[in-house]
Amino acid sequence: MDEFLKLREQRLRESTREFRARGKSVARCKKCQLADSACVCSWSFAQSAGADFVLLIHRNEVFKPTNSGRFLTQFFPGHCHVFLWDRLQPDPQLLQLLQDPARNCLLVYPGDDPQRQASVLPDNNKRLTFILLDGTWKQSGRMFHLSNWLRDLKTIALPEYRRRGYAVRQSHQENYLSTLEAAGVCLHLAGDEIAGDYCLDFFDLFNQHYLATRGCYPPVPGMLHEKLLAQKLSAASGADAASD
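These numbers were taken from a predicted model, which means no experiment stands behind them.

Rules of the game
Residues numbered from 1 in each chain as written. Predicted model: local features only at pLDDT ≥ 70, side-chain atom pairs only at ≥ 80, totals over all residues. Heavy atoms only, no water. Helix = DSSP H or I, 4+ residues; strand = E, 2+ residues; numbered from the N terminus. Contact = heavy atoms within 4.5 Å. Areas by Shrake-Rupley, 256 points an atom, 1.4 Å probe, with all protein chains shown as cover. Pairing = 2+ DSSP bridges. Axes fitted to C-alpha atoms, helices over the stretch in contact; angles between N-to-C directions. pLDDT = per-residue confidence, 0-100. Buried < 20%, exposed > 50% of the residue type's maximum accessible area, 1.4 Å probe, protein only. Salt bridge = Lys/Arg side-chain N within 4 Å of Asp/Glu carboxyl O.

1. Things to note about the overall build of the protein
Then comes step 1: Across its full length, the protein holds 7 helices and 5 strands.
Then comes step 2: For the protein, the α and β elements follow one another from N to C terminus as α-β-α-β-α-β-β-α-β-α-α-α.
Then comes step 3: Nonlocal contacts in the protein, meaning residues at least 24 apart in sequence, comprise 76% of its contacts between residues at least 6 apart.
Then comes step 4: Working note: accessible area of the protein is about 13,100 Å², and carbon and sulfur atoms make up 50% of it.

2. Things to note about the sheet that holds strand S1 (residues 52-57)
Then comes step 1: Taken in spatial order, the 5 strands make up an open sheet running S2-S1-S4-S3-S5, and their pairing is parallel. Strand pairing shows two members of the sheet lacking a second neighbour, strand S2 (80-84) and strand S5 (154-156), which therefore form its edges. Across the sheet, the mean angle from the axis of one strand to that of its neighbour is 30°, orientation sign disregarded.
Then comes step 2: Where strand S3 (residues 103-108) and S5 come together, 3 bridges link them in parallel fashion. Its bridge partner lying in S5, Val 108 is registered against Ile 156.
Then comes step 3: Docked against the sheet, helix H4 (residues 137-146) engages S1, S3, strand S4 (127-134) and S5, running at close to 120° with respect to S4.
Then comes step 4: Sheet strands in contact with helix H5 (residues 179-189) are S1, S3, S4 and S5, and its direction is about 160° off that of S4.

3. So, the confidence of the model for the protein
Then comes step 1: In the predicted model, the protein carries a mean pLDDT of 87, and 87% of its residues have values of at least 70.
Then comes step 2: Put simply, helix H1 (residues 3-14) is where the protein has its lowest mean pLDDT, 80, and helix H3 (residues 92-98) is where it has its highest, 97.

4. Re H5
Then comes step 1: Taken across its 11 residues, H5 has 9 buried, putting it largely inside the fold.
Then comes step 2: For H5, the set of buried residues is Thr 179, Leu 180, Glu 181, Ala 182, Ala 183, Gly 184, Val 185, Cys 186 and Leu 187.
Then comes step 3: Structurally, H5 contributes buried residues whose contacts are with S1, helix H2 (71-75), S3, S4 and helix H6 (193-215).
Then comes step 4: Phi turns positive one or two residues past the end of H5, at Gly 191, with a value near 90°.

5. Some words on the environment of Cys 80
Then comes step 1: Note that Cys 80 resides in strand S2.
Then comes step 2: For Cys 80, a relative accessible area of 2% puts it in the buried group.
Then comes step 3: The spacing of Cys 80 and Val 54 is 26 residues in sequence and 5.8 Å in space, taken between C-alpha atoms.
Then comes step 4: With near-sequence residues (within four places) excluded, Cys 80 lies in contact with Glu 3, Phe 53, Leu 55, Leu 72 and Thr 73.

6. What about the pattern of salt bridges?
Then comes step 1: Taken as a whole, this structure holds 5 salt bridges when the rule is applied.
Then comes step 2: A salt bridge links Arg 103 to Asp 52; its shortest N-O distance comes to 2.8 Å. Of this pair, Arg 103 sits in strand S3 while Asp 52 is found in strand S1, placing the two residues 51 residues apart along the sequence.
Then comes step 3: Take Arg 103: its relative accessible area is 16%, and that puts it in the buried class.
Then comes step 4: We classify Asp 52 as buried; its relative accessible area is 6%.
Then comes step 5: For Lys 227, the salt bridge goes to Asp 201, with nearest N and O atoms at 2.7 Å. With Lys 227 in helix H7 (residues 223-243) and Asp 201 in helix H6, this residue pair connects regions lying 26 residues apart in the sequence.

Structural data, given as structure tokens:
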């Protein structure tokens, strides 16, 4: 079980009331949370990445089937660390990771403090690690401003990007990105265009399948499905060759 699913199971055990998402009567895949008829797991596969991610998840976001950040734990299991956000009592393992001298940790958020803003990526041998705030846009703002233990981190604002955006969520600003989109742009900044493009393409596929889930119709396979499946098969073939 990946780190996100473990966290979700933990929250389910602790929760005092049931989370009722829209379409709660739909039979859903336990892993991707889409309708069984629109499951996207066939196009998801584990791979390496040119940077690491720390996913700080708002406690309400864990249950939402529209959440896109969860896929990072499936794509990059060796490069993604997941923690539940807490304003006053952050996980000690999270603080240890953020203070790791072998890492360059950057908080992905368009902060307004020029002294704190990183204009370029660090040029050294430390592991580049992007901190992603995973919640609604309003929740992410609160997470940023209320977390005193994040204030020593440099922030980075993502460059302008052709926003694909949620087909099933609305943002108040055109430059707001989903967590998976933000991760894709971060990987491009880190020089890993293959993994970055995969995140962005998978987000498009996720949108298609979520609309199918909401509309109660089967998704229509297309060129994007073929592209991602070819990448998955290529990765599996490369892994088999490396093990011989």
